[in-house]
Each structure stands twice: as C-alpha cells, then as structure tokens.
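# Architecture at a glance
Chain by chain, the residues run as shown.
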2 protein chains.
Amino acid sequence: MLEKALGYAHENQDRFLTELKEVLTIPSISTDPDHNPDMQRVAEWLASQLRSFGMNNVQIMPTGGHPVVYGEWMGAGKSAPTVMIYGHYDVQPPDPLELWTTPPFEPSVRGDNLYARGAADMKGPVLASLKAVEAVMKSGKMPVNIKWLIEGEEEIGSDHLGDFIKNHKELLACDFCLNPDAGIPNADQPSISTGLRGLAYFELRVYGPAKDLHSGLFGGTVHNPAQALIELIAGMHDKNGKVMLPGFYDKVRRISKKEHQNFLRSPLNKKSVLEMTGAPTLWGEPQFLPAERIGGRPTLEVNGLLSGFTGSGSKTVLPAWAMAKISCRLVPDQTPEETIRQMKKYLKEKAPKDIKWELQYLHGAGPALVSEENVGVKAMSKAMESVWGKPLLFQREGGSIGIVVQLQKYLKVDSVLTGFALDDSDVHSPNEKLHLPTFYRGIDALIHFFYNLK
Amino acid sequence: MLEKALGYAHENQDRFLTELKEVLTIPSISTDPDHNPDMQRVAEWLASQLRSFGMNNVQIMPTGGHPVVYGEWMGAGKSAPTVMIYGHYDVQPPDPLELWTTPPFEPSVRGDNLYARGAADMKGPVLASLKAVEAVMKSGKMPVNIKWLIEGEEEIGSDHLGDFIKNHKELLACDFCLNPDAGIPNADQPSISTGLRGLAYFELRVYGPAKDLHSGLFGGTVHNPAQALIELIAGMHDKNGKVMLPGFYDKVRRISKKEHQNFLRSPLNKKSVLEMTGAPTLWGEPQFLPAERIGGRPTLEVNGLLSGFTGSGSKTVLPAWAMAKISCRLVPDQTPEETIRQMKKYLKEKAPKDIKWELQYLHGAGPALVSEENVGVKAMSKAMESVWGKPLLFQREGGSIGIVVQLQKYLKVDSVLTGFALDDSDVHSPNEKLHLPTFYRGIDALIHFFYNLK
C-alpha cells in the first residue's frame with residue numbers, strides 16, 4: 001500500500017502543481033480587509049479539496065476573524081491514533097511589489113522553483129498534506145484518523161484561533177498535531193523543529209505638536225516626535241545589542257549542552273546566514289552561535305518606521321507624530337504578557353514629558369519546546385530519513401507559530417513541526433519561492449509518515 | 001497721490017480677493033513633476049497680471065527648473081531707486097489631505113481668514129505687491145523703478161535661482177530687494193526681519209540585508225537597518241539637545257546684547273509658542289529664550305522617517321533599508337558646505353561596519369543678516385508704522401530664504417524682509433490661512449513704502 005500510494009503521488013505530480021498554482025492566484029492577504037472576499041474563496045477551494053478525497057464533516061467555520069476550514073476522517077477506529085493536520089491559507093502582504101520579478105499572485109516556475117506569495121508560506125506545504133492524504137486514501141485504507149484545522153489568520157497572529165480551539169475541544173481532540181509550517185534548512189537537510197520563538201508585536205506612536213509645523217518657524221523650541229521616538233527606540237538596546245527592557249532576560253532559559261550540540265550541527269552558520277540575507281557582516285550577541293541567536297535567544301526588532309515627509313525631494317516639516325512597529329521574539333520561559341509589561345515599564349520610565357506616547361499591542365504568542373520522543377516526531381523523523389536517505393536534524397527555530405502554544409494549552413498536545421519551505425525560500429519577502437523537488441519529496445515523506453503511525 | 005492710491009486699493013478690495021482666490025485654485029506644487037503644467041499656468045497668470053497695469057518687458061524666463069516671471073517699469077528715471085520685488089508662485093505639498101477642513105486648492109473664507117495652500121506662503125503676499133503697484137500706477141506716477149522676480153522653486157530650495165541671477169546680473173541690477181515672504185508675528189505687530197536661518201537638507205539611507213527578511217528567521221544575526229539608522233540619528237543630539245555633528249557650533253555667532261533686547265520684545269515666548277504649536281511643553285536649549293532658539297540658534301531636525309512595514313496591522317519584517325530626511329537650520333556664520341562636511345564626518349566616524357549608508361544633500365542656503373539702516377528697511381519700517389499706528393519690531397527669524405543670500409552674493413544688495421503671513425498662518429501645514437485684514441493692511445503699507453522712497 002505504501003508503494004501504491006507513492007506511485008499515485010508520482011503519477012499525479014503535474015496535476016498537483018496545477019492545483020497549487022490555482023490556489024496561489026488568490027491573494028488571501030489576511031491583514032487587508034479589502035481581501036476578505038479572497039479569504040472566503042480560498043476557504044471554499046480548500047473545503048472542496050477535502051471533500052474530493054473523502055473527508056467528512058467538511059465545514060467552513062466562523063471565528064471572530066477569518067474562518068477556519070475543518071474536515072475529518074475517523075474511519076481508522078478508536079484504537080488508531082488521531083492526527084490533526086494544521087495549515088493556514090492566509091499570506092503576507094506582497095509589498096514592495098516593484099521588487100518581484102513576476103507578479104506575486106501569478107505563479108511562475110523558473111528552474112526548480114515556483115515563485116508566488118504563499119508558495120512556501122504555506123499554500124505549498126498545505127497542498128503537500130492534502131495530496132499525501134489523497135494518495136493514501138485513494139490507494140487503500142488510511143491507517144490513522146485525520147482532522148484538518150486550516151486557519152486564515154496565521155500571518156496576523158492567529159488572534160481568534162485560541163478561542164476557536166477552546167470552544168471546540170471535543171471536535172478537535174487528537175493525539176498530536178502535524179504542522180508543516182516550520183520549514184527545513186535546505187533541500188538536502190530534513191529536519192524537525194523542537195523549539196519555536198514566541199512573539200510580542202507592538203505599534204508605538206509618539207505625538208508632539210498638535211499639527212505638522214514648519215521646521216524653520218518652530219524648530220528648536222519643540223521636541224520633534226520623530227527625534228523623541230528615535231531616542232526611545234535607541235535606548236531599547238545597549239551598545240552591544242543587549243535588549244534593555246527591564247527584566248527582559250530574567251526568564252530566558254540557558255541553552256543546554258545537548259541543545260548547543262544540535263545548534264552546532266545547524267546549517268545556519270556565519271557563511272550561510274550571510275549568503276541568505278546578503279547582509280554586509282553578521283551582528284548580534286557574539287557569545288552565541290548564529291543558529292543560537294536565531295533559535296535560542298530573544299530579540300527586539302524595528303519592523304517599520306513612519307513619520308513626516310517621506311516622498312521624493314524635501315519638505316521642511318517638523319512632524320506632529322511618529323510611529324514605529326516593534327516586535328520581540330521570545331524564547332522559553334518568556335511570555336508575551338511579561339514583555340508587554342516590560343515595554344510599558346520602559347516607556348513610563350524613559351519617555352520624556354514633552355511628548356505623548358501610545359503603545360498598542362498588536363499580537364503575540366508564547367515560545368514552545370517539543371520532545372524528540374513524541375510519537376509523531378518519531379514517525380515523521382523516520383519518514384523523512386527514508387525519503388531523504390540521510391540523518392534528520394532537530395532544530396530550534398527563530399520563527400513563531402501561535403497555534404503550537406494554543407494546542408499545548410487547550411488540547412494538551414504537542415506539534416510535529418516540519419515543512420517543505422527552505423531557509424532561502426524568501427518567505428515574507430519579494431520573490432517568495434517553493435523548491436518543487438522538496439515539495440514532491442514532502443508528499444512522499446508524509447505518505448511514509450501515515451504508514452509509520454500504523 | 002498717496003491718498004488716491006489708497007482709495008483705489010480700498011475700492012477694489014473685493015476684486016483683489018477674487019483674483020487671489022483664482023490663483024490659489026492652481027495647485028503649483030513645485031516638488032511634484034505631475035504639477036508642471038500648473039507651474040506654467042501660474043506663471044502665465046502672473047505675467048498677464050504684470051502686463052495689465054503697465055509693466056514692460058514681461059517674460060516667462062526659463063531656468064534649469066521651473067521658470068521665473070520677470071517684468072519691469074523703469075519710468076522713474078535713473079536718479080530714482082530701483083526696487084526689485086521678489087516673490088514665489090510655488091507652494092508646499094498639501095498632504096496630509098485628510099486634515100484640511102476644506103480642500104487645499106478650493107479657497108474658502110471663514111471669519112477673517114482665507115484658507116488655501118499658498119494663501120500665506122506666498123500667493124497672498126505676491127498679490128499684495130501686485131495690487132499695491134497697480135494702485136500706485138493707476139493713481140499717478142510710480143516714484144521708483146520696479147523689477148519683478150517671481151520664482152517657482154522656493155519650496156524646493158531655489159536650486160536654479162543662483163545661476164539665473166548670476167546669468168542676468170544686468171537685467172536684475174537694483175538698489176535693494178523687497179521680499180514679503182518673511183511674515184510678521186501677528187496681526188497687531190508689524191515687523192521686519194533682519195536675520196534668517198540657513199538650511200542644509202539631507203536624505204540619509206541605511207542599507208542592511210539585500211532584501212526584506214523574516215524577523216523570526218533571521219532576527220538576532222543581522223543589524224536591522226532601521227535600528228542602525230535610529231542609533232545614528234540618536235547620536236546626533238546629546239541628552240541636552242545639543243547637536244553633536246563635529247564642529248557644528250564652531251562658527252555660530254554669539255547673540256549680542258542689542259539682539260537679545262530685540263529677542264526679549266519678540267511675541268515668540270513660551271506661551272505663544274505653546275499656543276501656536278499645541279506641543280505639551282517646550283523643548284530646546286534652556287539657556288536661550290524661545291525666540292532666540294528659533295531666530296538665533298542652529299538646529300538639527302528629523303523631517304521624515306520611513307522603513308519596513310508601515311500599514312495597519314503587523315508584518316514581521318526585518319527591513320532591507322531605512323530612510324530619514326534630516327535638516328539643519330543654520331545661523332551666522334555657519335554655511336551649508338561646512339554642515340555637509342560635518343554630517344559626512346559624523347557618519348564616517350559613527351556608522352557601524354555592518355550596514356551601508358548613503359547621504360544625499362538635497363538643498364540648502366546660507367543664513368543672512370540685514371542692517372536696520374538699509375534705505376528700503378527704513379522706508380518699509382516707516383510705512384508699516386503709519387498703517388499699523390504702532391512701533392515696528394526688528395526680528396531674527398527661524399526660517400530660511402535662499403534668495404536673500406543669493407542676492408547678497410551676486411547683486412550685492414540686501415533684502416527688506418517683511419510680509420503679511422502671521423506666525424499662526426499654518427504655512428506648510430494643513431489649513432494654511434491668510435488673515436485678510438492683514439493682507440489689506442499690507443497693500444496699504446506697500447503703497448506708503450513706494451511713496452516713502454521718493
């Protein structure tokens with residue numbers, strides 16, 4: 001049956017690619033309300049896919065935001081494990097548009113890669129899961145029970161997913177979750193993530209004069225809010241790059257010797273990070289490996305800045321306000337709630353009296369760790385090693401996946417974190433791409449995975 | 001003849017207002033190439049005005065940028081003084097549009113004020129000059145020779161005006177320049193500016209990774225260019241607000257006792273500046289009066305900031321670049337050339353090796369001082385005291401007017417700096433307004449001025 005399912009997957013590769021391209025043409029940008037109809041379209045497309053290979057109870061279920069696509073197949077019986085397959089159908093905004101070689105929502109194959117917004121993050125991995133289940137279902141009996149949870153708000157913080165899970169504990173009950181949103185380092189290195197960073201994302205606004213002023217007529221008498229914002233943010237790091245929010249490192253867990261050994265094996269080293277980022281040199285805490293700075297250490301980043309006149313040419317304005325998007329990546333045992341308190345405390349202590357400030361917490365998630373002994377982790381590890389023919393790497397990742405924390409919290413289950421996006425897939429960047437050979441290997445590995453769970 | 005000319009001006013006030021509204025409907029935004037046809041329309045409108053009351057040799061003269069409107073009347077003879085009347089027909093961009101009560105290019109009278117972009121800066125003052133000359137010409141013989149120089153690039157730094165003056169020294173030869181672009185503090189306080197600050201305007205760009213990155217996947221290993229830009233700009237002031245560019249204060253002239261006395265009389269005090277700006281409290285060098293900080297001390301201001309994701313919601317991007325618009329206001333004897341060197345030196349010394357930076361000097365002008373004994377200053381001072389019925393104030397202003405420096409340099413003439421915009425006219429801001437009673441008083445004062453020069 002394994003061979004039959006793999007054969008089915010291989011014979012249908014062209015159709016799988018066509019279907020993937022189809023769903024990638026829909027600009028399901030969750031952060032932009034103008035795209036709400038596109039969110040609905042993708043949800044319906046997915047529901048129809050699930051029905052096409054025999055899933056039951058397929059529903060587009062409302063949440064406080066974008067809907068969740070649910071489906072299940074419970075035919076393996078009570079003694080078989082139940083695997084929840086997680087995915088998200090929303091994508092990041094594609095801007096800056098001018099840097100895309102081909103338009104973000106017109107999927108284009110060049111060489112081994114398929115270029116489109118969402119190709120790697122994560123419509124490609126969602127399709128791989130759908131197609132692996134389809135291949136097993138069409139080739140005999142699926143050895144495990146399956147539940148699908150495909151959300152539409154991952155890129156905006158999965159704000160409504162916690163409530164959704166809490167309100168549907170019975171429907172969603174499972175033994176563990178398969179989450180292919182974590183990616184692997186490169187096409188030759190299968191991996192499973194046993195750690196994720198958390199996130200706390202803020203918008204900080206500083207207000208000065210009541211309106212934009214002429215910088216000649218008033219400059220020198222009024223604290224420029226852009227200047228004040230800059231002073232506040234500059235003080236959030238010391239000169240060695242240490243984050244200065246009060247108590248920021250208090251709960252940060254030390255990296256263990258075993259973890260350090262895994263980090264040493266990581267393909268994320270000075271050379272590869274320089275290649276992937278194109279940065280002139282590396283930066284960050286010198287006492288930690290690049291992989292440790294990404295997977296095991298917290299950060300504070302400026303994600304956006306806006307104030308005053310930003311067009312071409314010059315305008316001598318003293319702006320009325322300035323804005324920054326700032327986010328912290330968190331590691332065990334930090335929490336977003338504590339980070340919010342630390343940020344507020346910092347601002348209360350440091351903000352000068354001659355401006356007003358306003359902090360908005362936009363979203364966040366806690367960090368997560370998963371055991372290498374989890375039954376799903378073991379089945380997936382074996383599956384990937386079979387397909388790739390080489391040892392798997394256990395990684396602690398730099399990204400944040402809110403669902404992992406919510407599933408631990410509400411359903412008491414861990415997640416098998418892997419995926420088929422690569423570190424150079426340019427997720428969240430222009431020219432996002434999916435490496436097609438890895439996509440097809442991913443389908444094979446998932447087919448192995450289901451049979452390994454028998 | 002004075003009375004006749006004043007009578008003519010009073011009888012025609014309604015028509016003057018209609019004509020002013022007409023020219024204010026043309027969005028002559030010099031910084032935006034899309035508005036080039038509007039620049040041409042205003043120039044033609046002004047040329048037709050000049051011809052309508054007997055100016056000769058009226059021409060729209062090309063420059064490297066937007067054209068200059070020229071006209072002359074030399075009928076007063078060689079023994080009479082020749083007054084050049086300066087103006088500019090370009091305006092600042094009107095954004096943010098949503099803060100305007102009525103659209104910026106649909107002039108609207110509310111109470112004593114006419115609201116429109118350019119109403120105060122400076123189509124109103126240009127109209128006042130045109131109408132004062134018209135009134136004198138239509139009421140007898142103009143006692144002085146007149147030359148008009150109305151440019152279209154003041155709001156973008158008058159970059160081509162220096163060359164234009166250098167190339168037309170004979171045509172533009174005059175005894176002094178009347179420049180009504182400086183404004184007066186409020187409707188009850190006639191004033192002449194005897195000092196202006198200079199300007200050096202920069203765009204600073206910082207480049208880090210080759211593309212926008214996912215802040216989770218790479219955050220902690222790459223110097224965030226928004227963070228690097230912030231660190232560079234934060235270091236441009238010390239904690240007391242002192243500008244830290246190397247040598248910035250070396251050439252700053254001390255404020256004399258007599259100047260300090262004038263500054264003490266200035267209506268720019270703590271209370272009025274707080275009222276006009278709406279700032280929570282004042283800021284700046286505590287050892288100087290607010291009027292001194294504006295008129296007698298140099299500054300460094302952030303005029304604009306842009307980096308990464310600035311839309312609503314959140315995007316976890318580690319941006320590839322960050323940009324700031326930064327300008328310095330200069331006082332005697334600073335020069336833009338030295339400021340450029342100081343800025344470059346600062347950046348070379350302070351910029352970290354893990355980013356690249358690029359500094360663009362966009363434009364600038366030197367600071368200027370004018371003697372209270374200048375013949376034009378004396379004639380205008382007497383004229384304003386007659387119309388307002390109170391003593392005039394000599395002021396050193398915070399703004400920058402490039403033409404004043406260029407006329408000193410190329411034609412060796414000083415400028416009579418006054419005007420009819422008020423400190424609360426919101427020039428460069430939304431809801432820019434012209435105080436109409438001051439506009440009409442201005443026409444009267446200019447009529448007096450011409451007869452005072454006989």
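As the structure is a prediction and not an experimental result, all values here were calculated from the model.

In terms of regular secondary structure, chain A is built from 15 helices and 18 strands. The C-alpha atoms of chain A give 23 Å as radius of gyration, which agrees with the globular expectation for 454 residues (22 Å, within 12%). Each principal axis of the C-alpha distribution contributes one length, and for chain A these read about 80 × 50 × 45 Å. Each of the 454 residues in chain A was classed as buried or not, and the buried ones make up 58%. When contacts within chain A are restricted to residue pairs at least 6 apart in sequence, long-range pairs at least 24 apart make up 80% of them.

Below, the discussion takes up the confidence of the model for chain A. Residues shown with low pLDDT carry predicted positions that ought not to be read at fine detail. Of the residues in chain A, 100% reach a pLDDT of 70 or more, and the chain-wide mean stands at 95. For this predicted complex, the interface score ipTM comes out at 0.79, alongside a pTM of 0.78.

We now examine the relation of the copies chain B and chain A. Rotating chain B by 180° and moving it 0.1 Å along the rotation axis overlays it on chain A with an RMSD of 0.1 Å. The operation mapping one copy onto its partner corresponds to a two-fold rotation axis. Distance from the rotation axis, computed per C-alpha, reaches its smallest value in chain B at L306 of chain B: 2.4 Å. Both copies share a contact surface, since 100% of the interface residues of chain B are interface residues in chain A too.

Another point: helix α1 (residues 2–11) of chain A. All names here are of chain A. Those residues of α1 lying buried are A5, L6 and A9. Here the buried residues of α1 occupy an arc of 100° about the axis, which is enough to place them on one side. In this structure, α1 carries E3, G7, H10 and E11 as exposed residues pointing more than 90 degrees from its buried face.

With 79 residues of chain B in contact, the opposing surface of chain A contributes 79 residues. When residues of the side of chain B that touches chain A are assigned to their parent elements, the largest contribution, 9 residues, is made by strand β11 (residues 299–308) of chain B. Tallied by class, residues from the side of chain B that touches chain A come to 31 nonpolar, 34 polar and 14 charged.

Residue and element names in this part refer to chain A. What the domain assignment reports for chain A is domain 1 (2–196 + 368–452) and domain 2 (198–262 + 290–365). Put simply, the middle of domain 1 and the middle of domain 2, counted by C-alpha atoms, are 33 Å apart. Each side of the interface is counted separately: domain 1 has 13 residues, and domain 2 has 14 residues. Secondary-structure elements contributing two or more residues to the side of domain 1 that touches domain 2 are β16 (393–396) and α14 (402–410). Looking at the side of domain 1 that touches domain 2 element by element, the count peaks at 3 residues for β16. Tallied by class, the residues present in the side of domain 1 that touches domain 2 amount to 4 nonpolar, 6 polar and 3 charged.

If you look at the biggest cluster of nonpolar residues, it comprises 239 residues, and the most contacted ones within it are I447 of chain A together with I447 of chain B. Once residues lying within four places of it in the same chain are set aside, the contact partners of I447 of chain B are L2, A5, L6, A9, A132, A135 and V136 of chain B.

A few words now on the pairing of strand β6 (residues 145–151) of chain A. Residue and element names in this part refer to chain A. Of all 7 residues in β6, 6 are buried; the element is thus mostly enclosed. Pairing of strand β2 (residues 68–73) with β6, which is carried by 5 bridges, proceeds in the antiparallel orientation. Following the sheet pairing, Y70 is matched in β6 by L149. As paired elements, strand β3 (residues 82–88) and β6 share 7 bridges and run parallel to each other.

Here the focus is the sheet that holds strand β4 (residues 108–110) of chain B. Residues and elements named next belong to chain B. Overall, antiparallel pairing links the 3 strands, which are arranged β4-β5-β18 in an open sheet. On the outer flanks of this sheet lie β4 and β18 (433–435), each paired with one strand and no other. The sheet shows a mean angle of 25° between the axes of neighbouring strands, taken without regard to direction. Against the sheet, helix α4 (residues 119–137) makes contact with β5 (113–115) and β18, and its axis sits at roughly 45° relative to β18, the strand it touches most.

Taking 1.5 Å of rise per residue, 17 residues should cover 24 Å, and helix α15 (residues 436–452) of chain A covers 24 Å from first to last C-alpha, within 8% of that figure. Among the 17 residues in α15 of chain A, 13 count as buried, and that is most of the element.

Between helix α8 (residues 225–234) of chain A and helix α8 (residues 225–234) of chain B, the least distance of the axes is 9 Å, while the angle of their chain directions is 110°. As judged from the angle between their axes, α8 of chain A and α8 of chain B are roughly perpendicular. α8 of chain B is crossed by α8 of chain A, and the crossing has left-handed handedness. Taking contact as the criterion, the partners of I230, E231, I233 and A234 of chain A in α8 of chain A are, on α8 of chain B, I230, E231, I233 and A234 of chain B.

Now for the sheet that holds strand β9 (residues 198–207) of chain A. Strand order in this open sheet of 8 strands is β14(A)-β9(A)-β13(A)-β11(A)-β11(B)-β13(B)-β9(B)-β14(B), and the pairing throughout is antiparallel. At either margin of the open sheet sits one strand with a lone partner, and together these are β14 (356–365) of chain A together with β14 (356–365) of chain B. In this sheet, adjacent strand axes meet at a mean angle of 20° when their direction is disregarded. As paired elements, β9 of chain A and strand β13 (residues 321–330) of chain A share 10 bridges and run antiparallel to each other. Bridge pairing links V206 of chain A to A322 of chain A in β13 of chain A. Where helix α12 (residues 336–350) of chain A meets the sheet, its contacts fall on β9, β13 and β14 of chain A, and the angle it forms with β14 of chain A comes to roughly 165°.

Our next topic: the packing of helix α1 (residues 2–11) of chain B against α4 of chain B. Residue and element names in this part refer to chain B. Where α1 meets α4, the axes come as close as 8 Å, and the angle between the chain directions of the two elements is 130°. With respect to α4, the element α1 is oriented oblique. As α1 packs across α4, the resulting crossing turns out to be right-handed. Between α1 and α4, the contacting residues are A5, Y8 and A9 on the first element and K131, A135 and V136 on the second. Considering only residue class, the contact of α1 with α4 consists of 5 nonpolar, no polar and 1 charged.

With that out of the way, let us pick up the environment of K271 of chain A. All names here are of chain A. Within the secondary structure, K271 is located in helix α10 (residues 270–277). According to the C-beta neighbour criterion, K271 is exposed, with 11 such atoms within 10 Å. Through-space distance from the C-alpha of K271 to that of L282 is 9.4 Å; in sequence the pair is 11 residues apart.

Here L306 of chain A is to be found in strand β11 (residues 299–308). In this view, L306 of chain A contacts M323 of chain A together with L305, L306 and T310 of chain B; residues no more than four positions away in its chain are not counted.

Considering the arrangement of structural elements, one finds Q227 of chain A in helix α8. As a C-alpha pair, Q227 of chain A and P319 of chain A span 92 residues in sequence and 9.8 Å in three-dimensional space. Setting aside residues up to four positions removed in sequence, Q227 of chain A forms contacts with H237 and V302 of chain B.

Looking along the chain, the bond that leaves D121 of chain A and enters M122 of chain A is cis, with omega of -10°. Relative to the helices and strands, M122 of chain A is located in helix α4 (residues 119–137). Between P332 of chain B and D333 of chain B the backbone carries a cis peptide bond, its omega angle lying at 5°. Note that D333 of chain B resides in the loop between β13 (321–330) and α12 (336–350). With a phi angle near 60°, K412 of chain A is a residue other than glycine that sits in the positive phi range.

Reading the values: rules and limits
Residues numbered from 1 in each chain as written. Chains lettered and ligands numbered in written order. Predicted model: local features only at pLDDT ≥ 70, side-chain atom pairs only at ≥ 80, totals over all residues. Helix = DSSP H or I, 4+ residues; strand = E, 2+ residues; numbered from the N terminus. Rg over C-alpha atoms; globule rule 2.2 N^0.38 Å. Buried ≥ 20, exposed ≤ 12 C-beta atoms within 10 Å, placed from the backbone. Contact = placed C-beta atoms within 7 Å. pLDDT = per-residue confidence, 0-100. Least-squares fit on C-alpha atoms with pLDDT ≥ 70 in both. Arc of directions from axis to C-beta. Nonpolar A, V, L, I, M, F, W, Y, C, P; charged D, E, K, R; others polar. Domains from an automatic or database assignment. Core = buried A, V, L, I, M, F, W, Y, C linked by C-beta atoms within 7 Å. Pairing = 2+ DSSP bridges. Axes fitted to C-alpha atoms, helices over the stretch in contact; angles between N-to-C directions. Expected span 1.5 Å × (residues − 1). Parallel < 35°, antiparallel > 145°, perpendicular 65-115°, else oblique. Left-handed = near helix turned anticlockwise from the far one by under 90°.

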